[in-house]
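# Fold and geometry: a report
These are the residues of each chain, in order.
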Amino acid sequence: MSDPTMPDAVQFRHAMSAIPPYVPGARSAKGAGAYKLSSNENPFPPLSSVVEAIAQAAGDVNRYPDMAALDLTDAIAAKFDVDPAQIVLGTGSVAVLGHLLAAVAEAGSEVLYAWRSFEGYPIAVGLTGARSVQVPLTADGRHDFEAMADAISSRTRAILVCSPNNPTGPAVRRDEFELFMSKIPADVLVVFDEAYVEFIRDPEAVDGLTVLKRYPNIVLLRTFSKAYGLAGLRIGFSLSSKEIASQVRKASTPFGVSSLAQIAAVASLSGPATAELEERVEGLVRRRARLCAGLAAQGWIIPQADGNFVWLPLKEDAVAFAAMALESGVIVRPFDGDGVRISVGEGESVDRVLDVTARWLGRES
Ligand SMILES: *Cc1c(COP(=O)(O)O)cnc(C)c1O
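Owing to the predicted nature of the structure, the values given are computational and were not obtained by experimental measurement.

This part is about the overall build of the chain. A count of helical and extended segments in the chain gives 12 helices and 12 strands. Taken along the three principal axes of its C-alpha coordinates, the chain extends 60 × 60 × 55 Å. Here the chain, with 365 residues, has 51% of them falling under the buried criterion. Here the analysis covers contacts within the chain between residues at least 6 apart in sequence; of these, 73% occur between residues at least 24 apart. In the chain, the 34 positive side-chain charges and the 43 negative ones have mean positions that sit 1 Å from each other.

This next bit is on the state of the cysteines. Applying the stated criterion across every chain, the model contains 0 disulfides. The cysteine Cys162 is free of any disulfide, with Cys292 supplying the nearest cysteine sulfur at 17 Å. Here Cys162 falls in the buried class, since its relative accessible area comes to 2%.

Close to the ligand lie 13 residues, the nearest being Ser93, Tyr196, Thr223, Ser225 and Lys226. Between a nitrogen atom of the ligand and a side-chain N or O atom of Asp193, the distance comes to 2.7 Å. In isolation the ligand exposes 390 Å². Once the protein is present, 93% of that is buried. Of the residues contributing to the shell around the ligand, the split by class is 5 nonpolar, 5 polar and 3 charged.

Here helix H1 (residues 48-57) has its buried residues at Val50, Ala53 and Ala57. Buried residues of H1 fall within an arc of 60° about the axis and therefore sit on the same side. Summarising the geometry of H1, the exposed residues directed more than 90 degrees from the buried face are Ser48, Glu52, Ala55 and Gln56. Residues of H1 that are buried in the fold lie against helix H9 (259-268).

A few words now on the packing of aromatic side chains. Under the counting rule described, the total for this entry stands at 16 aromatic pairs. Taking 4.8 Å as the distance between ring centres and 45° as the angle between the ring planes, the aromatic pair formed by Phe145 and Phe180 counts as tilted. With Phe145 in helix H5 (residues 145-150) and Phe180 in helix H6 (residues 174-181), the pair connects residues that are 35 residues apart, well separated along the chain. Of the residues examined, Phe145 reaches a relative accessible area of 6% and is grouped as buried. Measuring from ring centre to ring centre gives 4.9 Å for Phe177 and Phe192, while their planes differ by 50°; the resulting arrangement is tilted. Placement of Phe177 in helix H6 and of Phe192 in strand S6 (residues 189-193) is noted, with a sequence separation of 15 residues between them. The same class applies to Phe177 as to Phe192, namely buried. By the ring-pair criterion, three or more aromatic residues cluster together here, those being Tyr22, Tyr113, Trp115, Phe118 and Tyr121. For Arg333, the ring lying beneath its charged end belongs to Phe335, and the centroid distance is 4.2 Å. Seen from the ring of Trp360, Arg363 lies directly overhead, with NZ or CZ sitting 3.6 Å from the centre.

Most of S6 sits out of view: 5 of its 5 residues are buried. Where burial is concerned, the two faces of S6 agree: the one with Leu189, Val191 and Asp193 and the one with Val190 and Phe192 are both buried. Bridge analysis of strand S5 (residues 156-162) against S6 gives 5 bridges, and the strand direction is parallel. For Leu160, the partnering residue across the bridge sits in S6 and is Val191. In the classification by handedness, the crossover that spans S5, the intervening H6 and the parallel S6 is right-handed. Across 4 bridges, the pairing between S6 and strand S7 (residues 218-223) is parallel. If you follow Val190 over to S7, its bridge partner there is Ile218. With helix H7 (residues 208-214) bridging S6 and its parallel neighbour S7, the resulting β-α-β unit is right-handed.

Turning next to the sheet that holds strand S8 (residues 236-239). Strand order in the open sheet formed by 7 strands is S2-S8-S7-S6-S5-S3-S4, with mixed pairing between adjacent strands. Each edge of the open sheet is held by one strand with a lone partner, namely strand S2 (87-90) and strand S4 (131-136). For this sheet the average axis-to-axis angle between neighbouring strands, irrespective of direction, equals 25°. The pairing of S7 with S8 spans 4 bridges and is antiparallel. If you follow Leu220 over to S8, its bridge partner there is Leu239.

Attention now goes to the packing of helix H3 (residues 93-104) against helix H8 (residues 242-251). Between H3 and H8, whose axes approach to 8 Å, the crossing angle comes to 105°. Classified by the angle their axes make, H3 and H8 are roughly perpendicular. In this structure, H3 uses His99, Leu100, Ala102 and Ala103 to contact H8, whose residues at the interface are Ile244, Gln247, Val248 and Ala251. Classifying every residue of the contact of H3 with H8 by side-chain character gives 6 nonpolar, 2 polar and no charged.

This part covers unusual backbone geometry. With an omega of -5°, the peptide bond between Ser163 and Pro164 qualifies as cis. Secondary-structure assignment places Pro164 in the loop between S5 and H6. Looking along the chain, the bond that leaves Asn166 and enters Pro167 is cis, with omega of 15°. Mapping Pro167 onto the fold places it in the loop between S5 and H6. Positive phi, close to 45°, is recorded for Ala69, a residue that is not glycine. Exposure remark for Ala69: the relative accessible area of 2% places this residue in the buried category.

Definitions and cut-offs
Residues numbered from 1 in each chain as written. Predicted model: local features only at pLDDT ≥ 70, side-chain atom pairs only at ≥ 80, totals over all residues. Heavy atoms only, no water. Helix = DSSP H or I, 4+ residues; strand = E, 2+ residues; numbered from the N terminus. Buried < 20%, exposed > 50% of the residue type's maximum accessible area, 1.4 Å probe, protein only. Contact = heavy atoms within 4.5 Å. Lys, Arg positive; Asp, Glu negative; His and termini not counted. Charge placed at Lys NZ, Arg CZ, Asp CG, Glu CD. Disulfide = S-S within 2.5 Å. Near = heavy atom within 4 Å. Polar contact = N/O pair within 3.5 Å; in protein donor to acceptor, adjacent residues only side chain to side chain. Areas by Shrake-Rupley, 256 points an atom, 1.4 Å probe, with all protein chains shown as cover. Nonpolar A, V, L, I, M, F, W, Y, C, P; charged D, E, K, R; others polar. Arc of directions from axis to C-beta. Phe/Tyr/Trp six-rings, centres within 6.5 Å; stacked < 30°, edge-to-face > 60°. Lys NZ or Arg CZ within 6 Å of the ring centre and 35° of its normal. Pairing = 2+ DSSP bridges. Right-handed = clockwise from strand over helix to strand, strands pointing away. Axes fitted to C-alpha atoms, helices over the stretch in contact; angles between N-to-C directions. Parallel < 35°, antiparallel > 145°, perpendicular 65-115°, else oblique.

Listed below in structure tokens is the structure:
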């Protein structure tokens, strides 16, 4: 019997109603033979040395992982020449971002970022109860740092900067970022998301590790999901001051990073593996250049591509383009009304993409 004085559904936080669900890049049906270029994944299979390390560690999964992830933390500290206490690991850098925001943002505060940018940002911000302040990108897909500086208020707790910007592509440049930082209050956290840093070749791009040393309010976000090819294991980390790191650690899920993810990341940071991975990244950068040159030759005008993806600013045609690409066995990531992001994948996928883009341009003739 229902009691009219009793509520008949669970009450959720007010903030939940405004949070969009995360839309993952489409997947291909098993065996369909399509190129999955919708999630900026690394197209190469894991290194055999990494697979071996995972297989060896599989026999220990009845135990909790090392909560402090000592081996991995030491390996990261050595690689970047930082103190281990500056590193916080998480189940992907998306999780670390959530923990960072949990530590600084709350109802009544604001988190500022460019838009369009990574679609995980509105979700992570919304969950804290803070308000997202989105500043439109410039016409060439870059951060509009002047407008972002103007949008800072006394309620701003954090600013998210994505470099290279997902999904549009350009990396942030040193001069524009230095000028921006000179306008940021020292008590506002600046999150510099470097998910694609390994693919940057622009000599003017910001070097995160350099700015980290200069500004105590900066946090760098890094991931093993893209260049390192460990997306399925969910592991990423932040580099920051020890003070910020200790606060973020409090907000982190205990034992969040699995033992297999830790082992795989350590194996990936060993000398020979790193060399192999760097070679693969170099190959992807060359493929990116071939894709961009091909698009330019067809007449496409696209933003500078500094990550492992390109952006076609197709506006209201984004979804129709994605449908046409799918028919040709290419899965891309459309953002309705805005554009299409296409990852740099297998070598043959580049030709397939260029075939689709050429046919798209010629479809009316
Ligand atoms: C892919 C991506 C990440 C990394 O996500 P993980 O959770 O580490 O897999 C972070 N930021 C941006 C902008 C990304 O595109």
